[in-house]
Amino acid sequence: GLDLFAAGFLIVLSVVVMVASWMLPVPGELRTAPGLLPFLTGASLCVMAVLLGHSAMKRRRAGIVMDPSEARNVAEDRRAGVLAGTVALYILALQFLAFQVYFSVAGVPFVFSAFEPVTVVALSAIIHVSWRGPLWITVSVSLGWTLLLSLVFQKLFYIPLPGGF
């Protein structure tokens, strides 16, 4: 019931975001379009909502009905609270610890900002809450994904990341 309703709502919301982002003017190339990231985010949300709706329909057809009292899991609720708090601290840290350092490697210019260290710390914390593996693996994965994301946005999309001035 509720999963199906949520899936429908998220599909409508994601389609609205995709249409609105598609209608934004593109002053330069497509890869620098201001609506590109919102469109991709909306498309990703739409895919996840369709999968949620599909699993809800499968459960409904199989006759699986969850009692609302069984659906609550205190440990999961606590983890969700820690996740929300981590994201809030992440956003605040990007805002208040903003800096930028310009440098070049082999003549290629790069910008190092608060985004990289703050994202590594926040992502490491989020992964650690969900998975209790060795800290060096958690930090390595966080560092790798953060640097990859930073490079893609700086060099492929030409979009500055948050955490700068």
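Above this text you will find the structure in question.
This is a predicted model, so every value here is computed, not measured.

A. Representation of the overall build of the protein chain in the model. Along the backbone of the protein chain there are 6 helices and 2 strands. Its C-alpha atoms give the protein chain principal-axis dimensions of roughly 65 × 45 × 25 Å. Put simply, the protein chain has 165 residues, and 21% of those count as buried. Taking as baseline every contact in the protein chain between residues at least 6 positions apart, the subset at least 24 positions apart corresponds to 60%. On the protein chain, roughly 11400 Å² of surface is accessible, and the fraction owed to carbon and sulfur atoms is 75%.

B. Representation of the packing of aromatic side chains in the model. Applying the stated criterion across every chain yields a total of 4 aromatic pairs. Between Phe-153 and Phe-157, the aromatic rings sit 5.5 Å apart at their centres with planes inclined by 70 degrees, giving edge-to-face as the arrangement. The ring centre of Phe-110 lies 4.8 Å from the NZ or CZ of Lys-155, which sits over that ring.

C. Structural detail: the pairing of strand β2 (residues 108-113). Taken together, the 6 bridges between strand β1 (residues 100-105) and β2 define a ladder with antiparallel strand orientation. In the sheet register, Ser-104 faces β2, and the bridge partner there is Pro-109. As consecutive antiparallel partners, β1 and β2 are separated by 2 residues, and within that stretch Ala-106 has a phi angle of approximately 55 degrees, a positive value.

D. Inspection of helix α1 (residues 2-22) at higher detail. Look at α1: 30 Å from first C-alpha to last across 21 residues, which is about the 30 Å you get at 1.5 Å a residue. Burial in α1 covers these residues: Ala-7, Ser-14, Met-18 and Ser-21. Buried residues of α1 fall within an arc of 70 degrees about the axis and therefore sit on the same side. Opposite the buried face of α1, at more than 90 degrees from it, the exposed residues are Leu-2, Phe-5, Phe-9, Val-12 and Val-16.

E. Quick look at the packing of helix α4 (residues 74-96) against helix α5 (residues 115-130). Where α4 meets α5, the axes come as close as 10 Å, and the angle between the chain directions of the two elements is 175 degrees. Judged by the angle between their axes, α4 and α5 are roughly antiparallel. Across the interface between the two elements, Arg-79, Val-82, Leu-83, Thr-86, Val-87, Tyr-90, Ala-93 and Leu-94 of α4 pack against Phe-115, Val-118, Thr-119, Ala-122, Ala-125, Ile-126 and Val-129 of α5. Looking at the contact of α4 with α5, its residues break down into 12 nonpolar, 2 polar and 1 charged.

F. A look at unusual backbone geometry. Unusually for a residue other than glycine, Ala-106 sits at a positive phi of about 55 degrees. Relative to the helices and strands, Ala-106 is located in the loop between β1 and β2. For Tyr-158, which is not a glycine, the phi torsion comes out positive at approximately 55 degrees. Position of Tyr-158 relative to the elements: it lies in the segment after α6 (135-156).

G. Here's a closer look at the environment of Ala-20. Mapped onto the elements, Ala-20 comes out in helix α1. Residues Ala-20 and Pro-38, spaced 18 residues apart in sequence, show a C-alpha to C-alpha distance of 8.8 Å.

Parameters and conventions
- Residues numbered from 1 in each chain as written.
- Predicted model: local features only at pLDDT ≥ 70, side-chain atom pairs only at ≥ 80, totals over all residues.
- Heavy atoms only, no water.
- Helix = DSSP H or I, 4+ residues; strand = E, 2+ residues; numbered from the N terminus.
- Buried < 20%, exposed > 50% of the residue type's maximum accessible area, 1.4 Å probe, protein only.
- Contact = heavy atoms within 4.5 Å.
- Areas by Shrake-Rupley, 256 points an atom, 1.4 Å probe, with all protein chains shown as cover.
- Phe/Tyr/Trp six-rings, centres within 6.5 Å; stacked < 30°, edge-to-face > 60°.
- Lys NZ or Arg CZ within 6 Å of the ring centre and 35° of its normal.
- Pairing = 2+ DSSP bridges.
- Expected span 1.5 Å × (residues − 1).
- Arc of directions from axis to C-beta.
- Axes fitted to C-alpha atoms, helices over the stretch in contact; angles between N-to-C directions.
- Parallel < 35°, antiparallel > 145°, perpendicular 65-115°, else oblique.
- Nonpolar A, V, L, I, M, F, W, Y, C, P; charged D, E, K, R; others polar.

Scope: geometric values only; no functional claims are made or implied.
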